[in-house]
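# Chain and residue survey
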Amino acid sequence: MSAPLLTELPSPLDDLSVWPASTARLPQGHVSVGGVSLADIADRFDTPAYVLDEEEIRARCRTYRAAFPQADVVYAAKAFLSRAMVRWIDEEGLGLDVCSAGELELAVTAGFPPERMVLHGNAKTPRDIETALRLGVGRIVVDSPSEIARIAALVGPAGRQKVMVRVVPGISAGGHEKIRTGTDGQKFGLSLTDGSARHAIARVLGQHQLELTGLHCHIGSQITDVKPYLVAVRRMVGLMARVRESHGVTFPELDLGGGHGIAYRPGEPALDLTALARRLDAELSASCAAAGLPAPRLAVEPGRAIAAPAGVALYRVLAVKHTGPTLFVAVDGGMSDNPRPALYGARYAPRLIGRPAVAEPVTATVVGRHCEAGDVLASDVLLPGDVRPGDVLAVPVAGAYQVSMASAYNLVGRPPVVAVHDGTARLLIRRETQEDFRRRDIGA
Ligand code: LLP
């Protein structure tokens, strides 16, 4: 047997396990996703650029539907939204969770059936509610007592709107303090513990314009363990039983929100969807049987687990320097296209693409181009020792909460989104330009 080529040696730099399933190694250090070379995308669309693998999105939707055949799978648009995404989600038979008139209108004008949409928000504006009612959104999730009468008034005496009540079940779960929403002391929902959930339910039941179809909870995000969801089911069923006792009402629906955790770097844990579906089902049947309630129809609202693994961010290296013991590799994007490391301490695994990685790996810190020291994309990562300006770095698992949270900081311009599918690349969202900034800035 002949010795393998140096570039083919298994290397910590060459682990593609968190990349889209379509990812392929090409000769000379090139990598393709959806049949398209990433280096070609960087050349054609310039950098930074976000690549979205359509088939990966669709496959993840199908995996969810197969894992939850009895439940509604509702994609959380906040993770990433565009008109093409709306079409894929629709064609794959999912529902859509939106949290503003903006997301709602984009989806409806792109052809998404409003009755399969759920409107969330802890502070819905009059425009959010009016748009939801005008376009015929399927469910509005009540998040505070004050909006109950507002929604009912806007529905009008002849109308009837389906609503749910968002409950805080008192469960601490999630990848970071800023994305834990299952406990009291954060802004979302109505507490199970202090009775505000029951109070709100009673008020909603007193409004004939509102049809309360069930309860909702979203306990947090980037959760990799099934158990907190099972606890949520038990507590929600407990509340449903108390509601039946006091009001004689049984709810046909139970929405458990999203939050399903994924691996951002090779070897990290991810939530096991099949186990989640199976154990939720068992827990729901057992809890409902114990309470003598019919089992409600479940809904889940994944965002990240559908969009994130389908995205790859592409950057070009602009500068490489040693500062003290640290090797800084500075790229042409940063916290304006990915605020997640700065906000949540998120960790990523960037990789060199477009040329063979033969030099010994070194530990580096990949930073952005923005004018603050916290603009770090990935610290303590391995890159080839000869990484240099002009190289292209690709960051996998970039499809959620990056483009959707991008900002205009330093007027760098938000990056384009390029869809890849069957060997072709097409622009979904164009790059934000200086012209865009000039057109908004209308003062003298
Ligand atoms: N449903 C509701 C009501 C939500 O608030 C969220 C996310 C989801 C579903 C979807 O959660 P997912 O499956 O994507 O975890 N920007 C943060 C995540 C914030 C999540 C906000 N709500 C991040 O980048 O990690």
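Note that the structure is predicted; figures quoted are calculated from it, not measured.

Calculation rules
Residues numbered from 1 in each chain as written. Predicted model: local features only at pLDDT ≥ 70, side-chain atom pairs only at ≥ 80, totals over all residues. Heavy atoms only, no water. Salt bridge = Lys/Arg side-chain N within 4 Å of Asp/Glu carboxyl O. Helix = DSSP H or I, 4+ residues; strand = E, 2+ residues; numbered from the N terminus. Buried < 20%, exposed > 50% of the residue type's maximum accessible area, 1.4 Å probe, protein only. UniProt positions renumbered as here; feature names shortened; annotations may be inferred. Contact = heavy atoms within 4.5 Å. Polar contact = N/O pair within 3.5 Å; in protein donor to acceptor, adjacent residues only side chain to side chain. Domains from an automatic or database assignment. Buried area = accessible area lost by both parts, 1.4 Å probe. Pairing = 2+ DSSP bridges.

What follows is about the pattern of salt bridges. Inspection of every chain in the model, using the stated rule, returns 25 salt bridges. A salt bridge links Arg25 to Asp14, with the nearest nitrogen and oxygen atoms 2.8 Å apart. A residue pair is termed long-range when its members are at least 10 positions apart, and Arg25 in strand E1 (residues 24-25) and Asp14 in the segment before E1 qualify at eleven residues. Asp14 sits in the buried class, given a relative accessible area of 18%. Across the pair Glu54 and Arg426 runs a salt bridge whose closest N-O atoms are separated by 3.4 Å. You can see Glu54 sitting in helix H2 (residues 54-67) and its partner Arg426 sitting in strand E21 (residues 424-429), a full 372 residues away along the chain. Overall, the relative accessible area of 32% leaves Arg426 in the partly exposed class. One network of salt bridges, in which partners are shared, links Glu54, Glu55, Arg58, Arg62, Arg87, Glu91, Glu92 and Arg426.

What follows concerns the UniProt feature "binding site: substrate" (unreviewed entry) in the chain. Sequence positions flagged by UniProt for "binding site: substrate" (unreviewed entry) are, in local numbering, Arg304, Arg340, Tyr344, Glu372 and Tyr401. Separation in sequence by 98 residues is matched in space for these annotated residues, since their most distant C-alpha atoms are 27.3 Å apart. Given a relative accessible area of 4%, Arg304 falls into the buried group. Discounting chain neighbours no more than four positions away, the residues touching Arg304 are Ala79, Ile179, Ser221, Gln222, His260, Ile262, Tyr264, Pro309, Arg340, Ala400 and Tyr401. Within polar-contact distance, the side chain of Arg304 engages the side chain of Gln222 at 3.5 Å. When you line up the elements, Tyr401 lands in the loop between strand E19 (392-396) and strand E20 (417-421). Apart from the residues lying within four places of it in its own chain, the contact partners of Tyr401 are Lys78, Ala79, Arg304, Pro339 and Arg340.

A word on unusual backbone geometry. Along the chain, Thr47 connects to Pro48 via a cis peptide bond; the corresponding omega equals -10 degrees. Residue position: Pro48 is located in the loop between helix H1 (38-45) and strand E4 (49-53). The phi dihedral of Leu411 falls on the positive side, at around 50 degrees, and the residue is not glycine. Structurally, Leu411 can be placed in the loop between E19 and E20. Positive phi values are uncommon outside glycine, yet Asp422 reaches one of about 50 degrees.

For the chain, the domain assignment lists domain 1 (24-53 + 309-440) and domain 2 (54-308). When each unit is reduced to the centre of its C-alpha atoms, the spacing between domain 1 and domain 2 is 32 Å. On the domain 2 side, the residues contacting the 25 residues of domain 1 number 26 residues. Together, Pro309, Tyr344 and Tyr401 form the three largest contributors to the area buried by domain 1 at its contact with domain 2, with a combined 26%. One can count one salt bridge joining domain 1 with domain 2.

Now for the sheet that holds E1. Within the open sheet, the three strands sit side by side as E1-E2-E3. Their pairing is antiparallel. The outermost strands of the open sheet, each flanked by one partner alone, are E1 and strand E3 (36-37). Two elements, strand E2 (residues 31-33) and E3, share two bridges in a ladder whose sense is antiparallel. In the sheet register, Val33 faces E3, and the bridge partner there is Val36.

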